[in-house]
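The chain contents come next:
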Amino acid sequence: MNPTVHLLCLAGSLRRESWNRRLLQAAAGAAPAGVRATVYDALAAVPLFDEDLEQADPAGPAGVRALRQAIAAADGLVIATPEYNHALPGVLKNALDWISREGPEGEVLAGKPVAVLGASGGPWGTRLAQASLRQVLHACGALVMPSPALYVAHAAQRFDARGGLADAATRTALAAFMDAAAAWTARLAARPAAAPDEPAALQQA
Ligand code: FNR
């Protein structure tokens with residue numbers, strides 16, 4: 001595998017003890033050889049989206065610029081989403097709305113390989129949140145890894161008191177997930193660029 005593959009890991013939660021951030025910390029540790037995985041920890045600096053702010057400075061506020069630059073610099077993204085009311089949380093949707101817009105680095109989500117996972121305390125492990133996140137990422141032109149999915153249910157039982165991922169089956173699944181995310185990213189990074197006149201849609205309603 002290309003030794004320069006860099007995966008940026010983004011948790012859709014600001015909570016200090018977030019299961020999803022802990023999951024990504026474990027994921028970063030489980031990344032295969034030749035892959036650098038780093039957890040983004042400045043999502044709280046992204047303000048609520050406001051087109052007036054965007055018009056005042058097309059590069060966006062500092063927290064948006066930092067996130068956009070980090071994504072532009074990464075070969076691929078790994079996003080761990082909580083589930084709020086059967087969908088992705090507003091804090092994550094807000095960040096994606098900001099960076100879906102063109103900045104100095106271009107449209108950083110368009111063509112970006114992305115792998116999606118998530119953890120919740122309940123029995124369904126963010127299935128509906130991941131489905132809604134996939135929908136948003138598709139709209140942004142991201143290349144979302146089709147499989148494997150990883151739904152971490154009953155999260156409180158899977159982490160130890162210090163926040164480490166203690167559950168052996170989840171650790172095994174997470175390592176397989178990171179192998180797949182790295183392979184998905186490396187494969188897409190090696191693809192030829194799309195033709196410039198490739199249509200975004202074949203039919204418009
Ligand atoms: C939740 N939670 C939740 N869980 C779930 O499995 N399905 C759901 O629809 C919801 N809805 C929901 C709404 C709101 C407003 C909150 C605050 C919470 C529980 C949620 O999964 C839990 O708080 C997780 O711990 C959040 O993820 P982090 O912050 O631990 O990463």
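Please refer to the structure higher up on the page.
On a predicted model such as this, the values are computed, not experimentally measured, just so you know.

Right, let's talk about the overall build of the chain for a bit. Check the secondary structure of the chain and you find 6 helices and 6 strands. Ordered by position from N to C terminus, the α and β elements of the chain give β-α-β-α-α-β-α-β-α-β-β-α. The C-alpha atoms of the chain give 17 Å as radius of gyration, which agrees with the globular expectation for 205 residues (17 Å, within 12%). Reported as C-alpha extents along the three principal axes, the dimensions of the chain are approximately 50 × 35 × 35 Å. Taking all contacts inside the chain whose residues are at least 6 apart in sequence as the whole, residues at least 24 apart take part in 77%.

What follows concerns the site of the ligand. Near the ligand there are 14 residues, and of these Ser13, Ser18, Asn20, Pro82 and Ser120 occur at the shortest range. Residue composition of the shell around the ligand, by class: 4 nonpolar, 8 polar and 2 charged.

Turning next to the environment of Thr126. Mapped onto the fold, Thr126 is located in the loop between strand 4 (113-119) and helix 5 (127-139). By C-beta crowding, Thr126 is classed as buried, having 32 other C-beta atoms within 10 Å. On a C-alpha basis, the gap between Thr126 and Pro82 in space is 6.3 Å, while along the polypeptide they are 44 residues apart. With sequence-adjacent residues up to four places away left out, Thr126 is seen in contact with Thr81, Pro82, Glu83, Gly118, Ala119, Ser120 and Tyr151.

Conventions adopted
Residues numbered from 1 in each chain as written. Predicted model: local features only at pLDDT ≥ 70, side-chain atom pairs only at ≥ 80, totals over all residues. Helix = DSSP H or I, 4+ residues; strand = E, 2+ residues; numbered from the N terminus. Rg over C-alpha atoms; globule rule 2.2 N^0.38 Å. Contact = placed C-beta atoms within 7 Å. Near = placed C-beta within 6 Å. Nonpolar A, V, L, I, M, F, W, Y, C, P; charged D, E, K, R; others polar. Buried ≥ 20, exposed ≤ 12 C-beta atoms within 10 Å, placed from the backbone.

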